[in-house]
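Take a look at the letters that make up each chain.
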Amino acid sequence: TVLALGGITALVFGAIWLQTGRKTELYMMVAIITVVAGILVVGNIWKSDRQQVKATLYQIARDVEANDVAAVLKHLHSSVADVRLRANNEMPMYKFEEVKIKQNLKIEVFPDESPPRALTSFNVVVVASDRSGLINSRHVPRFVHVTFLKEGGAWKISDYEHDDPREGFKKK
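Now for a look at the structure at hand. Note that this is a predicted model, so its numbers are computed, not measured.

1. Observations concerning the overall build of the protein chain
Helix and strand content of the protein chain: 5 helices and 5 strands. Sequence-ordered secondary structure for the protein chain, helices as α and strands as β, is α-α-α-α-α-β-β-β-β-β. Computed over C-alpha atoms, the radius of gyration of the protein chain comes to 23 Å, more than 25% over the 16 Å expected from 2.2 N^0.38 for 172 residues, which places it beyond the range of a compact globule. Projected onto the principal axes, the alpha-carbon positions of the protein chain cover approximately 75 × 40 × 35 Å.

Structural data, given as structure tokens:
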């Protein structure tokens, strides 16, 4: 949005400058381009807690899809040995082919808690096979709740649970 609006505005000032030759429009065009570039740079560097949680969640989905147990375990909070054991035992049982987080992703952040906490809920469809070969490329829809705690500047999973996918469509 910033790029589109800034670009259009800069083009208008550029067209006026080309028509009139007045330097005021040239300076306005350069100023707008500079401000838009600054906003884009800051937007790419600084991420809100909500954006960080979302990015972490999508990275975890990519790590699961890659069947990288070690990478997934790095996303777990240091205080949750039971969750680490559960993930370490569950993941090797399956060969994941695809993990798709659906559009009903909800993220609620509680930055004033100590440590800061975030609650996420969403539907996901996982395409997976079991390692025994009995189940091949099965689409498994689930509704997932993931709780994150901030640890050392990064958002780490402190708990997760999955449920019937219809839970994601209920009004609350």
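2. Regarding the pairing of strand β5 (residues 154-163)
In terms of strand pairing, strand β4 (residues 138-151) meets β5 through 9 bridges, oriented antiparallel. Within β5, the position partnered with His-145 by the bridge is Glu-161. Hairpin remark: β4 followed by β5, antiparallel, with 2 residues in the connecting loop; positive phi at Gly-152, about 60 degrees.

3. Overview of a nonpolar patch on the surface
Taken together, Val-2, Leu-3, Val-35, Ile-39 and Leu-40 make up a surface patch of nonpolar side chains, about 410 Å² in accessible area. Breaking the nonpolar patch down by element, the ones donating at least two residues are α1 (2-20) and α2 (23-45). Among the elements that line the nonpolar patch, the one with the most residues is α2, at 3 residues. Among the structural elements, Val-35 can be located in helix α2.

4. Looking at the pattern of salt bridges
For the structure on display, the rule yields 5 salt bridges. Across the salt bridge formed by Glu-25 and Arg-22, the nearest N and O atoms sit 2.7 Å from each other. According to the relative accessible area criterion, Arg-22 is partly exposed, its value standing at 48%. Asp-159 is the salt-bridge partner of Arg-86, the closest N and O atoms lying 3.2 Å from each other. You can see Arg-86 sitting in helix α5 (residues 81-90) and its partner Asp-159 sitting in strand β5, a full 73 residues away along the chain. On the basis of relative accessibility, which here comes to 28%, the residue Arg-86 falls in the partly exposed class.

5. A closer look at the environment of Thr-9
Relative to the assigned elements, Thr-9 resides in helix α1. On the accessibility criterion, Thr-9 (32% relative accessible area) is partly exposed. In the structure, Thr-9 is positioned 94 residues away from Gln-103 in sequence and 32 Å away in space, judged by C-alpha atoms.

Parameters and conventions
- Counting restarts for each chain, with residues numbered from 1 along the sequence as it is written.
- Reporting of local features is limited, given that this is a predicted model, to residues whose pLDDT is at least 70; pairs of side-chain atoms are given and counted only at 80 or more, and all residues count toward the totals for whole chains, interfaces and linings.
- Excluding hydrogens and water, the side-chain values take into account all heavy atoms of the structure.
- Secondary structure is summarised from DSSP: a helix means a run of H or I of at least four residues, a strand means a run of E of at least two, and numbering begins at the N terminus for each.
- Radius of gyration: C-alpha atoms only; globule rule: 2.2 Å multiplied by the number of residues to the exponent 0.38.
- Two strands are said to pair when DSSP picks up at least two bridges between them.
- Residues forming no salt bridge and having over 30% relative accessible area are the ones grouped into patches, like charges within 9 Å of each other and nonpolar side chains (Val, Leu, Ile, Met, Phe, Trp, Tyr) within 5 Å.
- A 1.4 Å probe and the Shrake-Rupley method give the accessible areas. Residues count as covered only by the protein chains that appear here.
- Note on definitions: salt bridges are taken to be side-chain nitrogens of Lys or Arg within 4 Å of carboxyl oxygens of Asp or Glu.
- Partly exposed residues are those whose accessible area sits between 20% and 50% of the maximum for their type, while under 20% is buried and over 50% is exposed, using a 1.4 Å probe and protein chains only.

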